[in-house]
Amino acid sequence: SQQGEEDPQALSIQEGENATMNCSYKTSINNLQWYRQNSGRGLVHLILIRSNEREKHSGRLRVTLDTSKKSSSLLITASRAADTASYFCATSNFGNEKLTFGTGTRLTIIP
Amino acid sequence: EPEVTQTPSHQVTQMGQEVILRCVPISNHLYFYWYRQILGQKVEFLVSFYNNEISEKSEIFDDQFSVERPDGSNFTLKIRSTKLEDSAMYFCASRAYTNEGNEQFFGPGTRLTVL
């Protein structure tokens, strides 16, 4: 498997439910970030969690990081139709900190 | 709120032609990046640029590619002789120098179509 793989690849839930997406990676990281991409559009930064952090919150978003398992999860609570998008995790190492993106989870919120 | 801008939003070109994709990073940022995303695939790193030189490049970034920061504000990606497989969304990103993390701000992308 490659650095940064999300699961599930696709997720459909009812509006109001919580959505959980997972990301696994292989190498040591400096931080991990989650991005959202609406179809055919640019990448919107959601949240960054550093390697020495275990959990972070931002509004309806909750991110966890387990460096021992090399995994992260993104929880979106009380989902809305506008949350429909693809979500990517991206890891960066030390140095120039280029981002290595995962394969993404396509989230569909059903009204 | 400052943002990264990219032009054009869509570029159509014939195979073998040269294209220049333009980006204006956020003004006080010091690190600049180009990524690309082939339709339906993951976002891939192309090149990073700091202090007026390339700091890292991927295997994709071969001799057909070059980057430049010609005037202290624009950041360009040139593809000298485009191939069909260069068709993709190209994203520019920038970040400030910070000890707080590595939040990279992305532009809206340029969709390159090579015919």
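Figured I'd write up the structure that's included with this text. (Residues numbered from 1 in each chain as written. Chains lettered and ligands numbered in written order. Predicted model: local features only at pLDDT ≥ 70, side-chain atom pairs only at ≥ 80, totals over all residues. Heavy atoms only, no water.)

## Let's talk about the interface of chain B and chain A
Line of reasoning, step 1. Taken together, the contact between chain B and chain A spans 21 residues of the former and 24 residues of the latter.
Line of reasoning, step 2. In total, chain B and chain A occlude about 1700 Å² of area from one another, counting both sides; carbon and sulfur atoms represent 49% of this.
Line of reasoning, step 3. There are one salt bridge connecting chain B and chain A.
Line of reasoning, step 4. Note that Glu56(B) is salt-bridged to Lys98(A), the shortest N-O span being 2.8 Å.
Line of reasoning, step 5. Summed over the shared surface of chain B and chain A, the number is five residue pairs in polar contact (both at pLDDT 80 or more).
Line of reasoning, step 6. Secondary-structure elements contributing two or more residues to the side of chain B that touches chain A are strand E4 (31-37), strand E5 (43-50), strand E6 (53-57) and strand E9 (88-95) of chain B.
Line of reasoning, step 7. Among the residues forming the side of chain B that touches chain A, the class breakdown is eight nonpolar, seven polar and six charged. (Contact = heavy atoms within 4.5 Å. Buried area = accessible area lost by both parts, 1.4 Å probe. Salt bridge = Lys/Arg side-chain N within 4 Å of Asp/Glu carboxyl O. Polar contact = N/O pair within 3.5 Å; in protein donor to acceptor, adjacent residues only side chain to side chain. Helix = DSSP H or I, 4+ residues; strand = E, 2+ residues; numbered from the N terminus. Nonpolar A, V, L, I, M, F, W, Y, C, P; charged D, E, K, R; others polar.)

## What to know about unusual backbone geometry
Line of reasoning, step 1. Across the junction of Thr7(B) and Pro8(B), the peptide omega takes the value -10°, indicating a cis bond.
Line of reasoning, step 2. Residue placement: Pro8(B) occurs in the loop between strand E1 (5-7) and strand E2 (10-13).
Line of reasoning, step 3. Even without glycine at this site, Lys70(A) takes up a positive phi of about 50°.
Line of reasoning, step 4. Within the fold, Lys70(A) resides in the loop between strand E7 (61-66) and strand E8 (71-76).
Line of reasoning, step 5. Taking relative accessible area as the criterion, Lys70(A) reaches 28% and is therefore assigned partly exposed. (Buried < 20%, exposed > 50% of the residue type's maximum accessible area, 1.4 Å probe, protein only.)

## Focus on the pairing of strand E5 (residues 43-50) of chain A
A regular strand places its side chains on the two faces of the sheet in alternate fashion.
Residues and elements named next belong to chain A.
Line of reasoning, step 1. In terms of burial, E5 is a largely internal element, six of the eight residues being buried.
Line of reasoning, step 2. One ladder, built from seven bridges, connects strand E4 (residues 31-37) with E5; its direction is antiparallel. By the bridge assignment, Trp34 is partnered in E5 with Ile47.
Line of reasoning, step 3. Counting the residues between successive antiparallel strands, the hairpin from E4 to E5 contains five residues, one of them, Gly40, with a positive phi of roughly 70°. (Pairing = 2+ DSSP bridges.)

## Considering the sheet that holds strand E1 (residues 5-7) of chain A
Strand-to-strand pairing in sheets goes through backbone hydrogen bonds, with the strands running parallel or antiparallel.
Residues and elements named next belong to chain A.
Line of reasoning, step 1. Strand order in the open sheet formed by five strands is E1-E3-E8-E7-E6, with antiparallel pairing between adjacent strands. Lying at the two open borders of the sheet, with one neighbouring strand each, are E1 and strand E6 (55-58). The average undirected angle you get between the axes of adjacent strands in this sheet is 20°.
Line of reasoning, step 2. Examined bridge by bridge, E7 and E8 share six bridges and lie antiparallel to one another. Each bridged residue has a counterpart across the sheet, and for Arg62 the counterpart in E8 is Leu75. (Axes fitted to C-alpha atoms, helices over the stretch in contact; angles between N-to-C directions.)

## Details of the state of the cysteines
Line of reasoning, step 1. Under the definition given, this model contains two disulfides over all chains.
Line of reasoning, step 2. Cys23(A) shares a disulfide with Cys89(A); S-S distance 2.0 Å. Residues Cys23(A) and Cys89(A) share a disulfide whose torsion about the S-S bond is about 65°; that sign makes it right-handed. Here the residue Cys23(A) occupies a position in strand E3 (residues 19-24), and Cys89(A) occupies one in strand E9 (residues 85-92), the gap between them amounting to 66 residues. Of the two residues, Cys23(A) and Cys89(A), both sit in the buried class.
Line of reasoning, step 3. At a sulfur-sulfur separation of 1.9 Å, the disulfide partner of Cys23(B) is Cys92(B). When the S-S torsion is -60°, as for the bridge of Cys23(B) with Cys92(B), the disulfide is left-handed. Taken together, the positions of Cys23(B) in strand E3 (residues 19-24) and Cys92(B) in strand E9 put the pair 69 residues apart, joining distant regions of the chain. As far as the burial class goes, Cys23(B) and Cys92(B) line up, both buried. (Disulfide = S-S within 2.5 Å.)

## Some thoughts on the pattern of salt bridges
Line of reasoning, step 1. Within this structure, the stated rule accounts for six salt bridges over all chains.
Line of reasoning, step 2. Of the charged contacts, one joins Glu44(B) and Arg36(B) as a salt bridge, the two residues approaching to 3.3 Å between their closest N and O atoms.
Line of reasoning, step 3. Beyond isolated ion pairs, a larger network of salt bridges with shared partners links Arg50(A), Glu53(A) and Lys56(A).

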